[in-house]
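A structural walkthrough
Now for the letters of each chain:
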Amino acid sequence: MKVLAIVRTELTRTFRWRANIFFLLIMPMGLILLLGAAFGNSSARVGILKQENGPLAAQLVKNLGAQPGLDTRSYASEGALEKAVERGDVSGGLVIAPGYDQHLRSGKTANLRYFARPDSAAPQIRVAVESAVSAQGSTLLAARIVRAESGTTLGSALGRVSAVKGASPVDVRLLAAGGGKYPQSRGQFQQSASTQLLLFVFLSALTGSVWLIETRRLGVARRMLSTPSSAREILLGIVLGRWIITLLQSLVIVLFSWLIFSVNWGNPLGTSAVILAFSLVAVGAGVLIGTLFGSEQQAAPTGMIVGLVFAAIGGSMAPLETFPATMRKIAHITPHAWANDAFNHLLVGGGGLSSVWLDVGVLCAYAAVLLTLATWRLRRVLTT
Amino acid sequence: MRTAFLITAKDLRQRLRDRSAFLVAVIAPLALAAALGATISGFSAGSKAYQIGLVNLDYGPAASWFSNAGEGGPGALRDTGNETVARSEVKSGELDAAIVLPPGLSAASMGGPPVRLDVIGDPKNSIGTLVARSIADSYASYLHTISIASRALHADSAATIRIATDVAAAKPAIVVGDTSTTRNNLDPKTYYAAAMAVFFVFFAVQFGISSLLDERRDGTLARLLAAPIPRRSILGGKVLTSLALGLTSMTVLALTTRFALGAHWGNPVGVAVLIVCAVLAAISVTAFVTTLAKTHEQANAWLSIVSVVLGMLGGSFFPVAQAGGVLAILSKGTPHAWFLSGLQDLSSGGALSVIVEPSLVLLGIAAVCGALALVRVRKLIEP
């Protein structure tokens with residue numbers, strides 16, 4: 001009972017302060033809305049600068065526009081295209097230089113210049129662009145062979161090639177290694193919802209350490225100790241209170257993103273296990289920071305630094321699979337990396353609870369170590 | 001003036017002593033810029049070689065042409081025997097993906113019935129799958145070329161094999177040259193260094209004006225007002241504190257990332273002008289928000305909210321402009337977006353004139369918010 005009373009005090013104190021409602025609930029939802037608006041559509045945009053007016057260049061632009069998952073926008077100058085790529089208006093830019101048609105008609109190799117933002121969508125866009133280009137390239141190459149073999153002009157060879165052009169003899173199909181069809185790409189936004197959840201839960205648990213310092217500064221802790229309650233009950237109450245706040249935040253993010261953007265959260269059991277374990281890690285880290293510093297001015301920035309840096313290293317800002325191999329190993333120092341792996345098994349691999357037992361186990365070990373350290377420190381700080 | 005300096009010196013000593021200023025102004029942006037730079041730039045370098053398995057069930061001439069398709073790509077091809085082995089190796093992560101050449105592939109490329117080429121990938125390794133996919137696509141396009149040419153020429157199988165050799169030997173008609181990695185202006189290290197610098201400067205300058213509320217809570221403001229010090233000296237001292245912390249933060253970050261992390265900030269004069277304008281804008285915005293608050297706690301909470309929201313809208317964490325529409329317009333209302341776009345133009349080798357517009361906008365924001373803050377600030381410096 002006493003534990004519950006302490007939990008209730010923690011919750012009341014947290015939510016009475018309205019800024020907390022903003023940070024814990026409104027800000028993550030706002031960010032999810034923002035990300036949804038920014039990356040919600042799965043088509044990638046490519047900017048095209050067409051400096052050639054010939055029919056081959058026009059056909060290439062048509063091919064690009066017809067690529068699934070690719071939207072094209074035309075730009076009038078190189079400067080405008082570069083700026084658009086730099087600022088992220090488009091993910092990549094393709095320059096069709098003057099003389100493109102003439103190069104191709106005279107049997108030379110035409111060079112297209114391509115550049116992209118180094119973001120996680122870049123490789124996908126590159127493949128789509130290459131595919132549109134190679135469709136035109138293979139027709140031209142075939143025409144060149146026909147010209148060499150039969151001695152006609154390239155123009156009539158192109159005509160002959162176009163006449164027979166039909167279905168490709170080979171159709172490429174993607175299969176998942178585990179069997180069955182390869183799942184459709186879920187779009188950047190779908191992927192980012194789980195990584196954002198981890199970022200925010202950890203960050204707010206860490207900046208919540210300020211609360212613990214206030215508990216001590218205002219003498220709330222001393223007063224609790226003066227009542228006939230054991231230190232263990234007080235510690236349990238504080239940790240449980242923080243855990244409930246963190247879980248509440250996760251629940252709001254999951255429900256909100258699910259209802260508004262129909263984000264898929266995978267197997268409910270598996271996802272719950274990951275969230276329960278990860279938020280326990282976050283609470284442990286938050287309480288530990290709260291006991292290591294004496295003032296709010298020190299704890300708040302430390303919490304923010306650790307929260308954001310761990311998120312960056314742990315794959316909550318850029319996906320882990322895009323990391324270089326060594327960086328990916330280093331990433332697994334952070335609980336984020338394990339939780340992101342677990343979400344990958346659940347959401348991409350479509351696995352259940354059994355697919356994440358290792359990741360959840362590691363997270364529980366983290367939680368155990370951090371909570372042991374945190375309660376040991378907390379007991380010392382509160383009672384001495 | 002001298003008293004203003006004394007107040008500034010006192011504030012700076014206080015903030016240095018509890019190390020909070022150092023944490024917010026230097027350590028936080030540096031740690032984040034380094035972490036983001038290490039994880040994001042490593043990816044764009046494309047240094048990784050992908051292991052792609054090859055299962056050959058065709059045994060015809062078409063399979064021997066396959067190696068042409070994978071040449072020069074980011075994948076290393078390895079023969080894997082049968083499909084079961086390939087699947088299990090992809091699943092275990094030994095291979096990034098595998099390609100299965102089906103029976104009848106050679107026949108298909110010589111006019112036989114079309115076949116299907118399977119790419120086996122792990123959905124958790126989408127990049128590896130994509131690499132295999134692009135090799136398979138380019139191979140399919142190669143077979144497509146052979147099949148069109150041989151049909152146009154009505155070639156028999158011997159002639160088709162000759163055509164295949166010709167196609168393999170021919171130079172590609174169109175080459176896509178990727179220049180992404182050689183471009184300084186797209187360097188994520190620089191982008192995130194700058195983004196973190198401007199994000200955290202909004203926190204760093206808070207130690208100035210908003211400390212007036214601390215002084216009031218601690219009772220030192222009453223003592224300052226009782227002393228023969230003009231009010232503008234107190235205010236001036238606080239603004240100077242913000243200015244010192246803001247400029248130090250951004251300068252240290254620019255220099256450290258330039259020399260230790262290899263960021264390219266561009267023309268130093270232009271960078272200096274942009275930094276000064278951004279710090280002034282940050283001071284005015286935070287000062288204005290502070291004058292709206294009644295207590296120290298309220299000011300802290302509102303300042304954090306404003307700083308975080310402006311940072312997110314301004315593109316400190318991800319490119320907001322990509323969203324287009326309302327978001328892109330909202331983004332233009334933040335000092336962050338103007339600072340970053342000015343810096344991007346500058347680092348891509350633009351002349352000094354490119355910073356005129358962003359600097360003027362930043363100064364405009366500083367002037368408007370500063371004026372509003374000045375109107376309201378009286379309330380802060382009252383006993």
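Things to note about the overall build of chain B
The number of helices and strands found in chain B is 17 helices and five strands. Against the 2.2 N^0.38 benchmark of 21 Å for 383 residues, chain B shows a C-alpha radius of gyration of 31 Å, more extended than a compact globule. Its C-alpha atoms put chain B at 105 × 45 × 35 Å along the principal axes. For chain B, with 383 residues in total, the buried portion stands at 56%.

Topic: the overall build of chain A
For chain A, the count of helices and strands is 16 helices and five strands. A globule of 384 residues ought to have a C-alpha radius of gyration of about 21 Å, yet chain A, at 28 Å, is considerably larger. Projected onto the principal axes, the alpha-carbon positions of chain A cover approximately 105 × 45 × 40 Å. Contacts in chain A between residues far apart in sequence, at least 24 positions, make up 76% of those at least 6 positions apart.

Considering the domain arrangement of chain A
Considered domain by domain, chain A is made up of domain 1 (2-38 + 187-383) and domain 2 (44-157). Inter-centroid distance (C-alpha atoms) of domain 1 of chain A to domain 2 of chain A is 47 Å.

Digging into the domain arrangement of chain B
Here chain B is partitioned into domain 1 (2-42 + 183-377) and domain 2 (48-180). A separation of 54 Å is found between the C-alpha centroids of domain 1 of chain B and domain 2 of chain B.

Comments concerning the interface of chain A and chain B
Counting residues at the interface gives 84 residues for chain A and 88 residues for chain B. With 21 residues, the top contributor of residues to the side of chain A that touches chain B is helix α6 (residues 122-150) of chain A. Partitioned by chemical class, the residues of the side of chain A that touches chain B number 50 nonpolar, 20 polar and 14 charged. Relative to strand β4 (residues 115-121) of chain B, strand β5 (residues 170-176) of chain A is paired through seven bridges, and the arrangement is parallel. Bridged to A:D171 within β4(B) is B:R116.

Quick notes on the pairing of strand β3 (residues 97-101) of chain B
Every regular strand shows the same layout, with side chains that alternate between the two sheet faces. All names here are of chain B. Burial within β3 is extensive, with five of its five residues counted as buried. Alternating positions in β3 separate into two faces, A97, I99 and L101 on one and A98 and V100 on the other, with burial throughout. The pairing of strand β1 (residues 50-56) with β3 spans five bridges and is classified as parallel. Along β3, the bridge assignment pairs V55 with V100.

Overview of the packing of helix α13 (residues 268-292) of chain B against helix α17 (residues 356-377) of chain B
Residues and elements named next belong to chain B. As a packed pair, α13 and α17 sit with axes 8 Å apart at the nearest point and diverge in direction by 25°. The angle between α13 and α17 falls in the class roughly parallel. Pair α13 / α17 crosses with left-handed handedness. Mapping the contact onto sequence places V273, L274, C277, A278, L280, A281, S284, V285, A287, F288 and T291 in α13 and P358, S359, L362, L363, I365, A366, C369, G370, L372, A373, R376 and V377 in α17.

Side note on the sheet that holds strand β4 (residues 110-116) of chain A
Spatially, the five strands line up as an open sheet ordered β2(A)-β1(A)-β3(A)-β4(A)-β5(B), and their pairing is mixed. Two strands in the sheet have a free side with no partner beyond their single neighbour: β2 (70-75) of chain A together with β5 (174-178) of chain B. Across this sheet, the average inter-strand angle for adjacent strands is 25°, counted without regard to direction. Note: strand β1 (residues 44-50) of chain A against β2(A), six bridges, orientation parallel. When the bridges of β2(A) are listed, A:I48 appears paired with A:S74. Contacting β1, β2 and β3 (92-96) of chain A, helix α3 (residues 55-66) of chain A crosses the sheet at an angle of about 175° to β1(A).

Quick word on helix α10 (residues 211-218) of chain B
Residues and elements named next belong to chain B. For α10, the full list of buried residues reads S211, L212, L213 and E215. In this structure, the buried side of α10 is in contact with α1 (2-17), α11 (220-226), α12 (231-260) and α14 (296-313). Backbone geometry just after α10 places G219 at a positive phi near 85°.

Re the environment of B:S341
Residues and elements named next belong to chain B. Relative to the elements of secondary structure, S341 occurs in helix α16 (residues 335-347). Classification of S341 by C-beta neighbours within 10 Å gives buried; the count is 23. As for S341 and I355, which are separated by 14 residues in sequence, their C-alpha atoms are 8.9 Å apart.

Brief notes about the nonpolar core
With 153 residues, the main nonpolar core has B:F200, B:V201 and B:A278 as its most contacted residues. Those residues in contact with B:F200, other than ones at most four positions away along the chain, are B:V24, B:A25, B:A28, B:P29 and B:S249.

Regarding the environment of A:K108
Position of A:K108 relative to the elements: it lies in the loop between α5 (100-105) and β4. C-alpha of A:K108 to C-alpha of A:L174: the two residues are 66 residues apart in sequence and 34 Å apart in space.

So, helix α15 (residues 335-348) of chain A
Residues and elements named next belong to chain A. Helix length check: α15 (14 residues) gives 19 Å between terminal C-alpha atoms against 20 Å at 1.5 Å per residue, within 8%. For α15, the tally of buried residues reaches 14 of 14 residues, placing the bulk of the element in the interior. Phi turns positive, to about 70°, at G350, one or two residues after α15.

Some details on the environment of B:K238
All names here are of chain B. The residue K238 is located in helix α12 in this model. Note on K238: 27 C-beta atoms within 10 Å, which makes it buried. Along the sequence, K238 and A4 sit 234 residues apart, while their C-alpha atoms lie 7.8 Å from each other. Look past the residues within four positions of K238 in its chain and what remains in contact with it is I7, G208, I209, S211 and L212.

A short note on the packing of helix α1 (residues 2-16) of chain A against helix α11 (residues 231-261) of chain A
Residues and elements named next belong to chain A. Between α1 and α11, the least distance of the axes is 8 Å, while the angle of their chain directions is 45°. The orientation of α1 with respect to α11, classified from their angle, is oblique. Crossing geometry of α1 relative to α11 is assigned as right-handed. Touching K2, V3, I6, V7, E10, L11 and T14 of α1 are E233, I234, L236, G237, I238, L240, G241, R242, I244 and I245, all from α11. In the contact of α1 with α11, the residues fall into ten nonpolar, three polar and four charged.

Calculation criteria
Residues numbered from 1 in each chain as written. Chains lettered and ligands numbered in written order. Predicted model: local features only at pLDDT ≥ 70, side-chain atom pairs only at ≥ 80, totals over all residues. Helix = DSSP H or I, 4+ residues; strand = E, 2+ residues; numbered from the N terminus. Rg over C-alpha atoms; globule rule 2.2 N^0.38 Å. Buried ≥ 20, exposed ≤ 12 C-beta atoms within 10 Å, placed from the backbone. Contact = placed C-beta atoms within 7 Å. Domains from an automatic or database assignment. Nonpolar A, V, L, I, M, F, W, Y, C, P; charged D, E, K, R; others polar. Pairing = 2+ DSSP bridges. Axes fitted to C-alpha atoms, helices over the stretch in contact; angles between N-to-C directions. Parallel < 35°, antiparallel > 145°, perpendicular 65-115°, else oblique. Left-handed = near helix turned anticlockwise from the far one by under 90°. Core = buried A, V, L, I, M, F, W, Y, C linked by C-beta atoms within 7 Å. Expected span 1.5 Å × (residues − 1).

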